[in-house]
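The lines below spell out each chain.
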Amino acid sequence: MHAGPSGPASSFEEATLQRAHAKLAAVRGNTSGDAPVGYNYAAVIPLAILSAIPGLLFLVGAVAMLTDKQPSPGGAAFFGIVAIFFLAMPVLGLLTSKPDSPKRALKQFYRDVGRGKHERALKLVTNADKDGFQRRQPQIGNLGQPSGYPFQFANKEQFAGFWNELLRTHPLPYCFARLSNVSVTEHGPDVAIVEYDLTLTMNTQLWFMLILIAWIIALIVDLATRKVVKVRLRKVLVKVGDEWKLFNGEWQGYEEMDLRWLGN
């Protein structure tokens, strides 16, 4: 391995590795202009609302058991523990919403592109990758409806289009992403190579409307029509401040398969 390809860029592969080398230099030299992503307050609000209702009910129940004419400390303790569990959920969700580890950054990225939250997803990608370099979508069975056209991530609409054509092709779509068998290898203090199994489950939320009629039918129809894609991927992430960002915002870049540009 060597620090970066030398000589003229005689092929797409060599040009990609040279670009990767320059991108990393920009990140390390603080010339990429990366800004921190921070905590995802917007994603925690719905969780806070949903968990507050049962949490407060159990808390009221615990107080009632303690103030009753015949107090029940055991029951009050149980209700109190359950109340704390519900009320702590949004706090835990907030604390884990900051991309302060490579795995968290990846999980948040896939969650955001799966939900169509492309603005935040793009913030999880280093600015050094947002240029006119052409990206093409992978051709994988059940993975959306790729157009085959090249995309440039200097344009945020093209970034959204790249991922929408892969993950959000159903009417009123949903996409659940799950990472498993995650392996993180640090390459110095500011680069991480992450290998993992990515499982994507995609379908339309229209089937959920059947729940009002018959939830069993809704579940059967959803299971029968959903698309599931499971692949093994490798992504490179870079550390900026106390956060991690994706080095490449596409499905998988060539420089994430050929790591020569990173050197030994």
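Before any of the text, the structure's been laid out above.
We now turn to the structure provided with this report. Given the structure is predicted, the values throughout are model-derived calculations rather than measurements.

1. Notes on unusual backbone geometry
One non-glycine residue, Leu-172, lies in positive phi territory at about 45 degrees. With a phi close to 50 degrees, Asn-181 is a non-glycine residue in the positive phi region. As for its placement among the helices and strands, Asn-181 is situated in strand S3 (residues 173-186). A relative accessible area of 53% places Asn-181 in the exposed class.

2. Here's the deal with the pairing of strand S4 (residues 191-204)
Judged by how many residues are buried, S4 sits mostly within the fold: 13 of 14 residues are covered. As paired elements, S3 and S4 share 12 bridges and run antiparallel to each other. Within S4, the residue paired with Arg-178 across the bridge is Thr-199. With antiparallel pairing between neighbouring strands as the criterion, S3 and S4 make up a hairpin whose turn holds 4 residues, including Gly-188 at a positive phi of roughly 85 degrees. Looking at chain direction, S4 and strand S5 (residues 227-240) are connected through 12 bridges and run antiparallel. Across the sheet, residue Glu-195 finds its bridge partner in S5, namely Arg-234.

3. Quick word on the nonpolar core
Phe-109, Tyr-110, Trp-163, Leu-167, Leu-198, Leu-200 and Trp-251 are the most contacted members of the largest nonpolar core, which has 33 residues in total. Counting only elements with at least two residues in this core, the list comes to helix H4 (102-114), helix H5 (118-123), helix H6 (156-167), S3, S4, S5 and strand S6 (243-246). Once residues lying within four places of it in the same chain are set aside, the contact partners of Leu-200 are Leu-143, Leu-167, Cys-175, Phe-176, Ala-177, Lys-227, Val-228, Val-229 and Trp-251.

Reading guide: rules and limits
Residues numbered from 1 in each chain as written. Predicted model: local features only at pLDDT ≥ 70, side-chain atom pairs only at ≥ 80, totals over all residues. Heavy atoms only, no water. Helix = DSSP H or I, 4+ residues; strand = E, 2+ residues; numbered from the N terminus. Buried < 20%, exposed > 50% of the residue type's maximum accessible area, 1.4 Å probe, protein only. Pairing = 2+ DSSP bridges. Core = buried A, V, L, I, M, F, W, Y, C linked by side-chain atoms within 4.5 Å. Contact = heavy atoms within 4.5 Å.

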